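Next come the chains, spelled out residue by residue.
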Amino acid sequence: MESVSTKFFCGLTAIHYDPDTTEPISCSLKSLDELLSWKRKEASLFNVATVPLASRYPPLHSCPRRTLVSHDMMGGYLEDRFIQGAEVETPYAFYHWEYIDIFNYFSHQMVTIPPAVWTNAAHKHGVLSIGTFITEWTDGEKTCEAFLADEESYCTAADKLVQISHYYGFDGWLINIENVLSETAVKNTGPFLRYLTDQMHERVPGSVVIWYDSVLKNGTLDWQNKLNDDNRMFFDACDGIFTNYNWTEQSLEWMKSYSAAQGRFADIYVGVDVFARGKVVGGKFETNKALNMIRMYEFSTAIFAPGWVYECHEKANFRQNQDKFWSLLSDSLYIHRPSSSLPFISSFCQGFGKSLYWRGQVEMKRSWFNLHAQEIQPLYLSENMDNGGWLRTRGCSEDAWIGGSSLTVEGMIPSGLSEVCARIFSLHVPLATRTFVSFVYKPPVGVKISLELKTIDGPLCTFDGMEEIAREWSFRCFLLKMIGCSLREVCIRVSRDGGDEDISFNCRIGEIMLLDAESLQAPLQSVEGICVNDVVWHTGALKGDGHMHKVLLNATLRWQYPTQQVRHFRIHWRHLRGPDPRIPPRPLTLIGRSHSTLYRVVELEVPAALGLIELVVEPVSREGFKVPEAQCGRCTLSYSASSSENPSVIMK
């Protein structure tokens, strides 16, 4: 009998799931009708950002010169649309978060909703994540005529944008109207922006609405490349303006003295197109020329399409090119320090890798990409010394402690110098009276490695001594006893182990963790409220005797657990029993990881004959502890060939 495939979507909203596998995906809204008909009950729970916006110092409102990045990556919604991750060898990711204030997910769809993976990664670093509302050309003109026809229309559209941002957990909008506006439409654009901005501020505190330099006050489409009398009415109605890219130094000089700009230099984001399209200053690996000039006139900047380093170069060299690009800009960027209470933990995972590691061991051997897994990123530095020495830090996927990458610290200590020091974090973290510190690394040959903690109102702390653990990784742990101290910098000090000749070194840092020692005594909680729904069965490849050869399970697991206490959840399954009672239950098999209390089991092949399977949710604490087996969440699902469309589900 020829192969068949049966697919049922049950109650799933099709646009939120891959049509072949039912895997959850992020998506945009493509028309005004889709925007106006948006309903919370039909939205994707999977695409809700689960990480709250972290505190940073200085806060956005007091930053005198801000940096916005508009990612514009090949149309958007590429591998990053797969909310639970994708198998990708060379993905595009961003990890220089310490330099930026706002991340804009950009596409040419009308309502661009940032994938939750991007919002979560941004929020971990205290960076705002904003979507894009765009209308373009003839179709855009028709759209604007409709939603800007009168107050009721523009308020309705604005209310939907506010609801979408609030539901999905991102922080505002870039408004990009790139089409001619009629007299009525342009008259209502300012009030639309003011209403949207006011409602966003009320519903999503700390949010921003930014206008793109395009339409003029008379409705003409004419990019000004600066703030002036023709577009200031839009600037006055919202939180800022993102200028077009073809400005000159004379444009900046004029704006510096323009009356409407006074007191709001930080709200003027001077656009820089990294692709250097048109007549622009700098661009590509000379983007620093544009940025230096912008900073000289004390404006903020909007860096458009930094994915140039990925799109226009060898994908295998992505990390090197990305690090080079941001290193060239670093002198005109400002490091923002995470400002939060303990714990502070990073295994340096950039959200992708060649394998998935857990405590130095490979947990899954395949290329993967999932920005949910990105941890707090360090400072990636490249420093050349006067006497020929050099120092660099970079991400490395060849080996890792947890996740997909470790931090490589490499360089050369020149003759006459005894040591070098790499600052890898700039922070403002109050320390507990008793702070537990752990440091995992692979020691290099010929040099000594020390972890150095620089504190405010306290002594500098440098630690030596070690304990060997899994394979070649080394582990150090300490208990600090301090009162009223805050951590300001984390450094890696590399010193020569004898001799005075030039000495090169290369070491990998696996993890740095600082905890309130009292938290180590807190009991681990049990998973509660586990349930299974949205079950979809795929069947195929029938054998000649009529028995099914393959049965694939797709189902959504939900449970309750305080997510602030975990790094992730491991999702397992096993076959408990089938028609032959003599066959014992199989051992647990890892399906994947979840970074929220929601997971879509996708295309899980189960035995074709009737049977009983078990799904298990195992929390992994932020400290790296596993909960006892009895505290995992478990549910069983029984099925048969005749009832695979409506299996029975039993929860434990």
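This is a predicted model, so every value here is computed, not measured.

Analysis parameters
Position numbers for residues start from 1 in each chain and track the written sequence from start to end. pLDDT decides what is reported in this predicted model: residues at 70 or higher carry local features, side-chain atom pairs at 80 or more are listed and counted, and totals for whole chains, interfaces and linings draw on all residues regardless. Each side-chain value is derived from all of the structure's non-hydrogen atoms; neither hydrogens nor water enter the calculation. A run of DSSP states H or I qualifies as a helix once it reaches four residues; a run of E qualifies as a strand once it reaches two. Both are numbered from the N-terminal end. The rule is simple: take the accessible area with a 1.4 Å probe, protein chains only, and divide by the maximum for that residue type; under 20% is buried, over 50% is exposed, in between is partly exposed. Within 3.5 Å is the distance limit for a polar contact, defined as a pair of N or O atoms, with the added protein rule that one can donate a hydrogen and the other accept it, and that residues adjacent in sequence qualify only through two side-chain atoms. We call two residues in contact when some of their heavy atoms are within 4.5 Å. The arc in question is formed by the directions pointing from the helix axis toward the C-beta atoms. Domain segmentation is taken from an automatic or database assignment of domains. What gets called buried area is simply the loss in accessible area from a 1.4 Å probe that two parts show on being joined, summed for both. For this document, the term salt bridge refers to a Lys or Arg side-chain nitrogen within 4 Å of an Asp or Glu carboxyl oxygen. Whether two aromatic rings pair depends on their centres lying within 6.5 Å, for rings of Phe, Tyr and Trp, where Trp uses its six-membered ring; planes under 30 degrees apart make the pair stacked, over 60 edge-to-face, and the rest tilted. Ring-over charges, as used throughout, are those where CZ of Arg or NZ of Lys falls within 6 Å of the ring centre and within 35 degrees of the ring normal. Two strands qualify as a pair provided that DSSP identifies no fewer than 2 bridges between them. Per-residue confidence from the predictor is given as pLDDT, running between 0 and 100. Joining through side-chain atoms within 4.5 Å is the link that ties buried Ala, Val, Leu, Ile, Met, Phe, Trp, Tyr and Cys residues into a set, and such a set is a nonpolar core. Within this scheme a cavity is a closed region of a 1 Å grid, computed over the protein atoms alone, that accommodates a 1.4 Å probe without allowing it to escape, whereas a pocket is open but has protein on both sides within 12 Å along at least five of seven lines; lining residues each have an atom within 4 Å of a point. Grid points are joined across faces, edges and corners, and a volume is the space filled by probe spheres set on the points. Under the scheme applied here, ten amino acids are nonpolar (Ala, Val, Leu, Ile, Met, Phe, Trp, Tyr, Cys and Pro), four are charged (Asp, Glu, Lys and Arg), and all others, including Gly, are polar.

A. Broad picture of the side chain of histidine 372. Within the secondary structure, histidine 372 sits in the loop between strand E17 (368–369) and strand E18 (382–384). We classify histidine 372 as buried; its relative accessible area is 11%. Among the polar contacts listed, one links the side chain of histidine 372 to the backbone oxygen of isoleucine 83, at a separation of 3.3 Å. If we skip the residues at most four places from it in the chain, histidine 372 touches Ile83, Ala116, Val117, Asn120, Lys124 and His595.

B. Looking closely at helix H7 (residues 249–256). Where H7 is concerned, the buried positions are Ser251, Leu252 and Met255. Across the axial projection of H7, the buried residues extend over an arc of 95°, all falling on one side. Tucked into the core, H7 has its buried residues touching strand E10 (268–273) and helix H8 (287–296).

C. Broad picture of the side chain of glutamine 322. Relative to the elements of secondary structure, glutamine 322 occurs in helix H10 (residues 318–329). Apart from residues no more than four positions distant in its own chain, glutamine 322 is found in contact with Tyr92, Ala93, Phe94, Tyr95, His96 and Val309.

D. Focus on the domain arrangement of the protein chain. Taken domain by domain, the protein chain holds domain 1 (49–335), domain 2 (344–521) and domain 3 (528–639). Taking only C-alpha atoms into account, the centre of domain 1 sits 34 Å from that of domain 2. If you look at the interface, domain 1 gives 29 residues, while domain 2 gives 25 residues. Looking at the side of domain 1 facing domain 2, the largest losses of area belong to Tyr95, Lys124 and Arg319, adding up to 26% of the total buried there. Counting across the domain 1 and domain 2 interface gives 0 salt bridges.

E. Seen up close, the packing of aromatic side chains. By the definition in use, this model includes 38 aromatic pairs. A ring pair is formed by phenylalanine 170 and tryptophan 173, whose centres lie 5.1 Å apart and whose planes are at 80°; its orientation type is edge-to-face. Its relative accessible area of 0% is what places tryptophan 173 among the buried residues. Considering the side-chain rings of tyrosine 310 and phenylalanine 318, the 5.6 Å spacing of their centres and the 85° angle between planes classify their relative orientation as edge-to-face. Assigned by exposure class, tyrosine 310 and phenylalanine 318 land together as buried. Each residue in the set Tyr77, Tyr92, Phe94, Trp97, Tyr99, Phe103, Tyr105, Trp118, Tyr310, Phe318, Phe325 and Trp326 is aromatic and connected to the rest through ring pairs, giving one cluster. Just above the ring of tryptophan 358 sits the side chain of arginine 570; from NZ or CZ to the centre is 4.9 Å.

F. Representation of the sheet that holds strand E20 (residues 402–403) within the structure. Pairing is antiparallel across the open sheet formed by 3 strands, whose spatial order is E16-E15-E20. With one partner strand each, in any of the chains shown, strand E16 (361–364) and E20 form the two edges of the open sheet. Both strand E15 (residues 356–358) and E20 contribute to a ladder of 2 bridges, which runs antiparallel. Opposite tyrosine 357, over in E20, you have glycine 403 as the bridge partner.

G. Fine view of the confidence of the model for the protein chain. When pLDDT is averaged along the protein chain, the result is 91, and 93% of the positions lie at 70 or above. Under a pLDDT of 50 for its full length, residues 1–10 has, in the predicted model, 26 contacts with residues more than four places off or in other chains. Below a pLDDT of 50 lies the segment residues 464–468, which in the model reaches 13 contacts outside its immediate sequence neighbourhood of four places, other chains included.

H. Highlighting the nonpolar core. Within the largest apolar cluster, 151 residues are counted, with the highest numbers of intra-cluster contacts made by Leu35, Phe133, Ile175, Phe192, Trp326, Ile509 and Ile512. Viewed by domain, this core spans two of them, domain 1 (49–335) and domain 2 (344–521), each represented by three or more residues. Apart from residues no more than four positions distant in its own chain, tryptophan 326 is found in contact with Val69, Phe94, His96, Tyr99, Ile100, Ile303, Pro306 and Leu333. Counting residues in hydrophobic clusters, the runner-up holds 30 residues, among them Val527, Leu557, Ile571 and Trp573.

I. Main features of the layout of surface pockets. Of the voids in this model, the largest pocket is the one considered here, and its volume is about 960 Å³. Along the wall of the largest pocket there are 36 residues; nearest its centre are Val51, Lys124, Gln564, Val566 and Arg622. For the lining of the largest pocket, the secondary structure elements donating two or more residues are helix H2 (116–124), strand E13 (344–346), E20, strand E32 (566–577) and strand E33 (589–594). For the lining of the largest pocket, the element with the most residues is E32, which contributes 4 residues. Residue composition of the lining of the largest pocket, by class: 15 nonpolar, 16 polar and 5 charged.

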